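Understanding the architecture of this molecule
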Amino acid sequence: MKSSRSLLVLNTVAAVAILIAVYLALVQAPEATNVVEEIRPAQRIIYFHVPSAWISMVAFFVTFIASILYLRTNNVRWDIWAYSAAEIGIGFTIAATVSGSIWAKPAWNTWWTWDPRLTTYTIVLLLFIAYFMLRGAIDEPGRRARFAAVYGIFAFLSVPLTFMSIRWWNTIHPVIIDPSAEFGLGPGMSTAFFFSLFAFTILFVDLLANRIMVAWDEERVAALREALTAN
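All of these numbers come straight from a predicted model, not from anything done at the bench.

A few points about helix α6 (residues 141–156)
The end-to-end C-alpha distance of α6 is 22 Å, a good match for the 22 Å that 16 residues give at a rise of 1.5 Å each. When α6 is considered as a whole, its buried residues turn out to be G142, A145, A148, A149, G152, I153, A155 and F156. Here the buried residues of α6 occupy an arc of 160 degrees about the axis, which is enough to place them on one side. Between the side-chain oxygen of the N-cap and the backbone nitrogen of G142 there are 3.1 Å, and the N-cap of α6 in question is E140.

In C-alpha cells form, the structure reads like this:
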C-alpha cells in the first residue's frame, strides 16, 4: 500500500515536470539566434531530442550495472532491473532517432545520413533489440538471465562509443552544450534545456519504477502458474 502511494506521488511529479518542460521549451525559451531563420522553429526539438538520447544512455547504463550485479549475486531482482531498463532505453532511443530525423530534415535537408553519431547510435539500438531476441530464445529463467547479463554488459560498450563519436570523428552532428557551436545553445535557452534534462530523468525513474512493479507481478503470476501445473 505504501509503495503504491509512493508510486502515485512519483507519477504525479513526473507528469508535472514534463508539463513544465513542454511549457519552457515551446513558450518560454527564446528562438535560437545562432542558426538561420528558416530552421529556428525546428531548433526547439532539441529540448526533447537531447533528453531522450541522454535517458537512453542512462537506461542502458542501468542495464549494464544490474547485469553485473546479477552475475555477482544471482538475484532475480537485478535481472528484472536489467531488462526493465533496457526496454525503456529502447523506447527513448527510438524517440531520439525520430526527433533527430525531424530536426535533420530542415537543418541538413535529409531525414537521415550515415554520420558517425547516427550510425553508432543505430548500432546501440540494434544491439539492445538483439538483447531481447536472446532472452526470447532461452526458456529456462536462470540460464536466460545469465546469458542476458553477459550480453547486456558487452552491448553497453557501444554506448560510450556513441557518446564520444562526435569528439573522435569528423561529424556533422552538433555538440549542443557547446555555446560556440553552430547549433549550440543560444542566449536564454539553457534554463529550458537543463530543466528538460531534469524532467526526462524524473520520467525515466518513474517509468523504471512502474516497469519493475509490473515485472514483479509477472514473476508472481509465473510462479503461481508453475505451482498449479506441478500439482
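Regarding the packing of helix α5 (residues 116–137) against α6
Contact geometry of α5 with α6 gives a least axis separation of 9 Å together with a crossing angle of 170 degrees. Considering their axes alone, α5 and α6 lie roughly antiparallel with respect to each other. Judged by residue contacts, L127, F128, A130, Y131, L134 and R135 of α5 engage R144, F147, A148, Y151, G152, A155 and F156 from α6. Tallied by class, the residues present in the contact of α5 with α6 amount to 10 nonpolar, one polar and two charged.

Side note on a nonpolar patch on the surface
Among the surface-exposed residues, V22, Y23, L26 and V27 lie close enough to one another that they form a single nonpolar patch of about 370 Å² accessible area. Mapped onto the fold, V22 is located in helix α1 (residues 2–28).

Observations regarding the confidence of the model for the protein chain
It should be kept in mind that the predicted coordinates are not to be read in detail where pLDDT is low. Looking at the protein chain, the pLDDT average stands at 84 and 83% of residues meet or exceed 70. Predicted confidence for residues 178–183 stays below pLDDT 50, and this span has 15 contacts to residues more than four positions away or in other chains.

As for the environment of P116
In this structure, P116 sits in helix α5. Along the primary structure P116 and L161 are separated by 45 residues, whereas in three dimensions their C-alpha atoms are 9.9 Å apart.

Quick word on the packing of aromatic side chains
Under the criterion given, the structure shown has 11 aromatic pairs. Ring geometry for Y131 and Y151: centres 6.4 Å apart, planes at 35 degrees, overall tilted. Residue Y131 is found in helix α5, and its partner Y151 is found in helix α6; the two are separated by 20 residues along the sequence. According to the relative accessible area criterion, Y131 is buried, its value standing at 0%. Joined through ring pairs, the aromatic side chains of F60, F128, Y131, F132 and Y151 make up one cluster.

Side note on helix α3 (residues 46–73)
Helix length check: α3, at 28 residues, gives a terminal C-alpha distance of 40 Å against a target of 40 Å (1.5 Å per residue), a fit within 8%. Among the residues trailing α3, N74 stands out with phi positive, at a value near 60 degrees.

Section: unusual backbone geometry
Even without a glycine there, the phi angle at N74 is positive, about 60 degrees. In this fold, N74 is placed in the loop between α3 and α4 (76–108).

Overview of the environment of A17
Note on placement: A17 falls in helix α1. For the pair formed by A17 and A199, sequence separation is 182 residues and the distance between their alpha carbons is 5.0 Å. In contact with A17, not counting residues within four places along its chain, are F195 and A199.

As for the nonpolar core
One finds F60, F92, F128, Y131, V159, F204 and L208 to be the most contacted residues of the largest nonpolar core, which totals 33 residues. Listed by contribution, the elements that provide at least two residues to this core are α3, α4, α5, α6 and α8 (190–230). Ranked by the residues each element gives to this core, the list is headed by α4, at nine residues. F204 has contacts with I55, V58, A59, V62 and I88, leaving out every residue within four places of it along the chain. Ranked by size, the runner-up nonpolar core spans 10 residues in total, among them L24, I46, Y47 and A192.

Side note on the side chain of T63
Within the secondary structure layout, T63 lies in helix α3. Engagement of the side chain of T63 in a polar contact is seen with the backbone oxygen of A82, the distance being 2.9 Å. Non-local contacts of T63, meaning those with residues more than four positions away in its chain, are made with A82, A85, A86, F128 and Y131.

Each value, and the rule that gives it
- Residues numbered from 1 in each chain as written.
- Predicted model: local features only at pLDDT ≥ 70, side-chain atom pairs only at ≥ 80, totals over all residues.
- Heavy atoms only, no water.
- Helix = DSSP H or I, 4+ residues; strand = E, 2+ residues; numbered from the N terminus.
- Expected span 1.5 Å × (residues − 1).
- Buried < 20%, exposed > 50% of the residue type's maximum accessible area, 1.4 Å probe, protein only.
- Arc of directions from axis to C-beta.
- Polar contact = N/O pair within 3.5 Å; in protein donor to acceptor, adjacent residues only side chain to side chain.
- Axes fitted to C-alpha atoms, helices over the stretch in contact; angles between N-to-C directions.
- Parallel < 35°, antiparallel > 145°, perpendicular 65-115°, else oblique.
- Contact = heavy atoms within 4.5 Å.
- Nonpolar A, V, L, I, M, F, W, Y, C, P; charged D, E, K, R; others polar.
- Patch = residues over 30% accessible without salt bridge, like charges linked within 9 Å, V, L, I, M, F, W, Y side chains within 5 Å.
- Areas by Shrake-Rupley, 256 points an atom, 1.4 Å probe, with all protein chains shown as cover.
- Salt bridge = Lys/Arg side-chain N within 4 Å of Asp/Glu carboxyl O.
- pLDDT = per-residue confidence, 0-100.
- Phe/Tyr/Trp six-rings, centres within 6.5 Å; stacked < 30°, edge-to-face > 60°.
- Core = buried A, V, L, I, M, F, W, Y, C linked by side-chain atoms within 4.5 Å.

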